[in-house]
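Observations on chain architecture
Listed here are the chains, written in short residue letters.
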Amino acid sequence: MSVPATTPLMQQYREIKAKHQSAILFFRMGDFYEMFYEDAETAARVLGLTLTARHNGGAADVPLAGVPVKSGPEYLRRLVQHGYRVAICEQVEDPKLAKGIVRREVVETVTPGVAFADDLLVGGRNNFVVAVVPPVLRGRGAEVVGVAAADVSTGELRLCTVAARELDALLARLSPRELLLPRGSAALPRIAALDGVLVSEREAWEFDESTGRDDLARQFDVRGLDGLGIGTEDGAVIGAAGALLRYLKEMQPTGVPHLARPIIERTGSAMPLDDMTRRNLELVESLRGADTSGTLLAVLDRTVTPMGGRLLRQWLLAPLVDRAAIDARLDGVDALVRDASARDALRSALAGVRDVERLGGKASAGRATPRELAALGSSLAQLPAVERAAARLKGAGVIGPLLERWDACAEVATAVLGTLVERPPLQMGDDATIAAGIDEELDALRALRDGGKDAIAAIQADERARTGIPSLKVGFNKVFGYFIEVTNANRELVPADYQRRQTLTGAERFVTPALKEYEEKVLSAAERIETRERTLFDALRLTAGRAISRMQCAARIVAELDVLSALADVAAREGYARPVLTDGFDLDIVAGRHPVVERMMPRDKFIPNDVRLTDDARVAILTGPNMAGKSTILRQVGLIVLMAQVGSFVPAAAATIGVCDRVFTRVGASDNLVRGQSTFMVEMAETSAILHTATARSLVLLDEIGRGTSTYDGVSIAWSVSEHLHDRVGCKTIFATHYHELVQLADELVAVRNYNVGVREIGDQILFLYRMQPGGADRSYGIEVGRLAGLPPSVIARAREVLTLLEGEAEHLVPALAPAASRRRTTSETTTSADQLVLFTGAPHEVILALRQLDTDTLTPLAALQALADLVERART
């Protein structure tokens, strides 16, 4: 059976599409990008385009949809934001010179994770594409994972080797837009289910370590990887890096020369923050969604450069665990807090610096427009002012090493600003780009063009004198070029050498040989000017791009100075204190405040609280009514510890903090219907993760564990979790709960202390004091909170009746507990049995008391029957 004939154009399309099957192909045809077949149908559905058909020779017509080239970036943005890849196929030869079909090539593929355009990026966060190698075994059976992450917009490349259990925390920190996995990797199902991430399965051989070594060596022009800080133990991450580099070169056929030398991260270099902790503490995203308002980031982000905004976000998601490094940051912040004048000068200088990282990346990749290159030059020209302001701080903390690496890229700034006009156009050809006096050839062409216009004016004056037509005009339009216009009233005066070019309603348009000659000179000069300007601009952009490594270094230093000055500005304005970091266990916060909540109310309205956890008082059971502020206290403790280990001052009068290796939170309730998990199942899964991962150096903050099931099950789980953290983990723990039975843990476990959030009763009203104080609470005041919420009075009254009934008929639950002398108080310290614990107490029923008084050894059968009848009667009442 013969195959129907197809047009040469469609044959060319199919050949190119076959190499980019996973992308929507923007196929350049004149002034349009055309899409065919499934691409056209997808684009029509997503973009709301009209779906038409194209004749395809002897074959069936094919679906067609197109967008204008000038509108291409907007349509591309919409497709990429919907999670599609878009391959841009351009005409790479002049159609006038083509012999047959115009040659076309894919010049780039834009994806959610591989993008340069500003409208596809967020200024304050990185845009990572991440490759992951499945867990591999390392000594003693430990599993490690290799993760390579690149942000092509900034040139940042990170190579991370982490324990398999920390992979989720690392991915939560990187927040990738795109993920590359080995095909058929059954070990990573949870990763592939990340929300909002475009996942690509690549061939397994692309993640091979040996080919990865070759790819890294070629990319950075080195013989071995030792110079990059990559050792023999980094095999997994080398494979991930190789797969990532190959993918980037597929997406960017011209290469990614602006990728910076990799930043190497290994397990233990930073504190991993799992998703639940990041979410519960609202570090960078609110619990209400992706909105950053109401987050710690929103409070601390007073950065004035995009690079600083991105770095602050990275710092918040990767607190330090090395005390010396933390203190170095704190020293820098402290110097800026103390010297307000230097801080203001530094922030003022930084405010004039644009996004050097991304502008430099565009220049290196040959994508910077004239206006963007000018912004890069003006930003680099501002760096000496930044250096002078930073030098006033005399090298405090991390500022000293930063200034030792300072490079203002002065010659790049001079070249750019000296070559471009003061206000360059958005795109080449829109207006003049290269300043006068830079290039003799360009100046000569401009003189010819401008002089030609003067000659046209002279021709108009000469022709008016020769013809005697005072209304004669010389004009120009893009269709007919230059022309002489004569009204119909003067048509008889037109000379014989005038050649008619256009007839209008009230006039005729003509040309003369002299006018044609000058027209050719002027138009030729304009075209040659644009060509020459483009050549000069490309050379300037190439020169700037060659300094990309120096610009990236300068951008990183600027970003760090920006973050330090922002943290100092917040500390000075909000009254934060410098924390004292130690290698010990204790956590001591004096008058701590919640950094976000206090911003939402007048300063004098927020009630600060002291929190102290030591090795012999490391578990705090926090009770109190709803709305009293237990969750706020938990969150503020976690935020204060994280802020301190980021290198920030903290919202407290004073704070001494033993460096934590992890901070865990289990606060609030949520379900995961997509994965078929109930609220209680999610709660138990998160608690399980804490119990398996926490160490003695961790801080664990728990809120209402066990409330999603029956009361007895919930109490049992909460009790056993507390015991586990106390006995086996030995970490600092604050456990907020409404299970008042847990206060009895303080009688059983040596390092447990009870605290409550105070409430004052005034008649039938309650007043929340928001003050954390020693001792356990005996009531939850849930009914009073319900009244405050507006429950009907009849409901409140009935609830009080039921509460009285339940409290009077509470049963005894007496579980046997295994003796553990090392963790229990002595007999003199407790009033309960060492082997048993009464979890529910209350006055025993009168029938129980009567039974205890019976002497069954002396009762006669008749007396026994009488006693039984009496007990039955009393039980009925």
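Worth saying up front: this structure is predicted, and the values here are computed from it rather than measured.

1. Observations regarding helix H22 (residues 679-693)
Residues spaced three or four apart along an α-helix point in a common direction, a consequence of the helix completing one turn every 3.6 residues. Helix length check: H22, at 15 residues, gives a terminal C-alpha distance of 21 Å against a target of 21 Å (1.5 Å per residue), a fit within 8%. Regarding H22, the residues found buried are Val682, Glu683, Glu686, Thr687, Ile690 and Thr693. The arc that holds every buried residue of H22, seen down its axis, measures 140°, which confines them to one face. Lining the buried residues of H22 we find helix H8 (275-280), strand E22 (663-666), strand E23 (699-703) and helix H23 (711-729).

2. Describing the pattern of salt bridges
Following the criterion strictly, the structure yields 53 salt bridges and no others. Put simply, Glu574 and Arg302 hold a salt bridge, and the shortest N to O gap is 3.0 Å. One end of the pair, Glu574, is in helix H20 (residues 548-574); the other, Arg302, is in the loop between helix H9 (296-300) and helix H10 (306-317), and 272 residues separate them in sequence. With a relative accessible area of 18%, Arg302 lands in the buried category.

3. Digging into the pairing of E22
Every other side chain in a regular strand lies on the same face of the sheet, so the side chains alternate between the two faces. A two-sided burial pattern is seen for E22, the buried positions comprising Val663 and Thr665 on one face and Phe664 and Arg666 on the other. As defined by bridge partners, E22 adjoins E23 across four bridges and the pair is classed as parallel. Bridged to Thr665 within E23 is Leu701.

4. As for unusual backbone geometry
You will see that Ser175, though not glycine, has its phi angle at about 45°, which is positive. Relative to the assigned elements, Ser175 resides in the loop between helix H4 (167-174) and strand E10 (178-182). In this structure, Glu704 takes a positive phi of about 60° despite not being glycine. Mapped onto the secondary structure, Glu704 falls in the loop between E23 and H23. Among the residues examined, Glu704 registers a relative accessible area of 7% and is labelled buried.

5. Examining a nonpolar patch on the surface
Together, Ile848, Leu851, Leu854 and Leu859 give the surface a local cluster of nonpolar side chains, amounting to about 290 Å² of exposed area. Note on placement: Ile848 falls in helix H27 (residues 846-853).

6. Some words on the side chain of Ser565
Mapped onto the fold, Ser565 is located in helix H20. Look at Ser565 and you get buried, because its relative accessible area is 0%. Setting aside residues up to four positions removed in sequence, Ser565 forms contacts with Leu336, Arg343, Leu346, Arg347 and Leu350.

7. Some words on the sheet that holds strand E15 (residues 499-503)
The strand order across the open sheet formed by four strands is E13-E14-E16-E15, and the pairing between neighbours is antiparallel. Taken across any chain shown, the strands that pair with only one partner, and hence form the sheet edges, are strand E13 (473-477) and E15. Averaged over all pairs of adjacent strands, the angle between strand axes in this sheet comes to 40°, irrespective of strand direction. Bridge count for E15 against strand E16 (residues 507-511) is four bridges, and the pairing is antiparallel. Note on E16: the bridge partner recorded for Gln499 is Val511.

Parameters and conventions
Residues numbered from 1 in each chain as written. Predicted model: local features only at pLDDT ≥ 70, side-chain atom pairs only at ≥ 80, totals over all residues. Heavy atoms only, no water. Helix = DSSP H or I, 4+ residues; strand = E, 2+ residues; numbered from the N terminus. Expected span 1.5 Å × (residues − 1). Buried < 20%, exposed > 50% of the residue type's maximum accessible area, 1.4 Å probe, protein only. Arc of directions from axis to C-beta. Contact = heavy atoms within 4.5 Å. Salt bridge = Lys/Arg side-chain N within 4 Å of Asp/Glu carboxyl O. Pairing = 2+ DSSP bridges. Patch = residues over 30% accessible without salt bridge, like charges linked within 9 Å, V, L, I, M, F, W, Y side chains within 5 Å. Areas by Shrake-Rupley, 256 points an atom, 1.4 Å probe, with all protein chains shown as cover. Axes fitted to C-alpha atoms, helices over the stretch in contact; angles between N-to-C directions.

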